[in-house]
Amino acid sequence: MDLPPDLRDIRVTKDSAATDSTNEDKAGASSCKLTPLISLEKKESPVNPYNRVDWTKMNSKWPLPDTNDNEISGVNSLPQLDCGAFSGSFVDTGACCPREIFDKHDTDAVNSHRSIVLKDDECCKTHWARNERYQKIKAKVGRAIKRHKIFLIRGELPKLKETLEKRGWVQKHETTKTRALPYGSVASLESRSLGDLTHPDGSLNEKAVIFAMLRHKPPDFIWDCRNDFVDWHRGLSNNTILNRYQKPSVYTSKLGMARLLEEAHWLYEEDVSSVLFPRSYNLSREPKAFLDDFRLTAAAGLLKWFVERMQDDQSSPEPGHRPILTSRLEFAMKRCEEFIAYENHQNIDKDFVTEFSEEEWNSFLDDYAAAVHEGAGIEATSERSREQLQKYLELTNPILAKLKEIDPQYELNGMRNIWILKPSELCCGTGISISHNLKDIFRKIKSKPKDYFIVQKYIERPLLIQDTKFDIRQWYLVTKTFPMTIWVFKEGLLRFSSKPYTFSTYHEAIHICNTAIQEKYDEERRRRRKRGNSEEVVKSIRDQGWDCEKLNEYLKQTGHCGEPYYDKIYPKMSEAIVLTMLASQEHMDRRRCSFELYGADFVVMEDLSVWLIEINTNPRMHPPSSRITKRLYSNVLESLVKVIMDVPMNPSADTGGFSLAYKQNIPDFRPYLGPCLFVFGKSITLQEYPRKRERRKKGGNGWVKQQQQQQQQQQQQNQQQTPRAWTAPPMIPRLREPKIVDFIDYLNTARCTAAN
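Conventions used here
Residue indices begin from 1 for each chain and proceed along its sequence in written order. Only residues with pLDDT of 70 or above have their local features reported here, since the model is predicted, and side-chain atom pairs are shown and tallied only from 80 upward, although totals for entire chains, interfaces and linings are computed over all residues. For side-chain calculations, the full set of non-hydrogen atoms in the structure is used, while hydrogens and water are omitted. UniProt positions are given in the numbering used here, feature names are shortened, and annotations may be inferred rather than shown by experiment. Here the term buried applies to any residue with accessible area under 20% of the maximum for its type, exposed to any over 50%, and partly exposed to those in between, with areas from a 1.4 Å probe on protein chains only. Strands here are runs of E lasting at least two residues and helices are runs of H or I lasting at least four, both read from the DSSP assignment and numbered beginning at the N terminus. For two strands to be treated as a pair, DSSP must find at least two bridges joining them. In what follows, a contact means two residues having at least one pair of non-hydrogen atoms within 4.5 Å.

As annotated in an unreviewed UniProt entry, the protein carries the name ATP-grasp domain-containing protein and comes from Melipona bicolor. One UniProt comment on the protein, placed under Subcellular location (unreviewed entry), says "Cytoplasm".

Below, the structure is given as structure tokens:
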């Protein structure tokens, strides 16, 4: 029978073969002894540290059960299988086997009934083996219910299932109809998708049996590994451990994270929280800001291109390309100088920004694209033109130096003005495109709904390994949102592209390192190998098993000192994660029994600066795509279970690959006083005047005389007591410093005065 909530922790179990297999061999037991396990003390589950229910006193309307007549159990009984409830009983055994088998035996010889069953008929053998299996499953489920070890996984995550089952947890399955509904909103009573209780050969279907036993039992641990996350039902217990926070898209969507990081500099703390994030725009709401940025980046890019071509002595255009005018260099220098003056606040007294028409800007952008992307050059055939170009070079170098000083993303910009368009709410690299054409970018924005795309500056000079681009997936775990507690995994996943890095094309196999994207080209390579293409037999860098240790050795070989990855890259990734989570803290759910695993993606530039690209909720943990991911996915999930289950009970417990990166310090203060409130200054004297003027008396002098008398009386009062403004509260002697009028004390004093 099912128990009411107030009696849910009362358990009555059988002290029989259900929990001890050796008792099944004991003969002479004709009935099952019931032992009540009644616990009325407030205890905390040692296996589920989050299950801390405030137990209320037992209500009289729920009397203690009569243990002599009733059997109370947390496991749902299955009448069609529950024929071994009274171990050793002939009547019970006969319920499973044909009656005529026992008619020819002495029914009083109960001590040998099991051997009789196993010898006489194959049907009885099957029933008895199934009964033994059923009792073991029932005992296992009963122990899991008693110890709050029922878990539910919405999706496919075999490694997590394996890790929990090693700790004695039992998985609760869902029906097909309820998988897309909020947690706990509908009871799962039937599950045809799991099949019948028995297989055609007579053996038990363990999944279906456990489902039937737990159909009325809510899980103690829920993991949702699907992208279409459904909020949990309000009726779900507060002690159920959940792996998700509600509405994470506020801070994990690409647009949401970009908005939060705009003001994140207020949370900066040296060696604790800092972030480098490519500037991003929502073109459906701020097209003018992006347009100004695009034009300025193009002007600076043309100057960088000019300096690079002059240093290589390649100012002349490539064959078949038209040269651009030298006036374009003057135009670009003028725009950069205006930007420098604006950033240095030199435009306060005078506005010297020159306004240009759309036609002029479009003409400049066309020449810029021809020079940087199409191979055009500058006409320099005569001696005079070469001297003029040399003069431009001398003017350009100081301008670029000043730009580098004031622009924190100077190195990120590059000179090609490439931008990447990402759908804000999608994942796995879906819908991403790259472009340097302004018209093409706006056309794609207009083809989608509002707030669909985010436009982000593309990192043009990433760190390359064997001429191949890569990024780093860094896992981290948030176990509390207030105070913020963050655990960062000690090893990241290096995700390589399939093709060498080049700007000749913006193909996703070259520029997008997402695993879901690159796996498509692994399959293509395998198909070509089967067809005998020898060129595809050569292993790419993705097949070479690069990990963080190998990256560290590679950086040391290329001239970096110390341990470059562990001293420079990993700490910066941790700081970026901390600052991003602090910026998101206001929007995060503060449910006590919730946690979440995130995957942050970073790109490392040539100077080893680390740039945060995006943060993913519900990162991919199955299936593994290589030996590296198979090892890392397993380590992450096993370490996560240690942090969630062991650390709350033992702060010094083993945390596997996770290390505590940040634990927020919340000062303890009285909420009505505020933290660290100090007031400095001098008191002021304000004179009180009548709020309403009285009507003047006849003659015009009566009101003046009356005002003079009031002023004299006021001056006498000021000599007797300290003058105060009429809006100030009464002066109350204080015993603690600083001397600030306490609002609570003021209310108490006013209340006492009114009572008197």
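1. Side note on the pairing of strand β15 (residues 596-604)
Counted residue by residue, β15 has nine buried out of nine residues, so it is predominantly covered. Side chains Glu596, Tyr598, Ala600, Phe602 and Val604 of β15 all project onto a buried face; the interleaved residues Leu597, Gly599, Asp601 and Val603 project onto the opposite face, where all are buried too. Here seven bridges tie strand β12 (residues 468-481) to β15, and the two strands are oriented antiparallel to one another. When the bridges of β15 are listed, Gln474 appears paired with Ala600. Pairing between β15 and strand β16 (residues 610-617): seven bridges, direction antiparallel. Among the inter-strand pairings, Tyr598 is bridged to a residue of β16, identified as Thr617. Following β15, the chain reverses through five residues before pairing antiparallel with β16; Leu608 in that reversal takes a positive phi of roughly 65°.

2. Looking at the environment of Phe658
Summarising the element assignment, Phe658 is placed in strand β17 (residues 658-663). Accessibility expressed as a relative area gives 1% for Phe658, which makes it buried. Separated by 15 residues in sequence, Phe658 and Val643 place their C-alpha atoms 7.8 Å apart. Those residues in contact with Phe658 that lie beyond four places of it in its chain are Trp475, Tyr476, Leu477, Trp487, Val488, Phe489, Lys490, Leu597, Val636, Ser639, Leu640 and Val643.

3. Looking at unusual backbone geometry
Backbone torsion omega between Phe482 and Pro483 reads -5°, so that peptide bond is classified as cis. Relative to the helices and strands, Pro483 resides in the loop between β12 and β13 (484-489). Omega for the peptide link from His622 to Pro623 comes to -5°, which places this bond in the cis form. Structurally, Pro623 can be placed in the loop between β16 and α19 (627-645). Positive phi, normally seen in glycine, also occurs at Gln466, with a value near 55°. Checked against the element boundaries, Gln466 lands in the loop between β11 (464-465) and β12. Residue classification places Gln466 among the partly exposed residues on the basis of a relative accessible area of 46%. The backbone of Asn618 sits at a positive phi, close to 55°, despite the residue not being glycine. Accessibility expressed as a relative area gives 14% for Asn618, which makes it buried.

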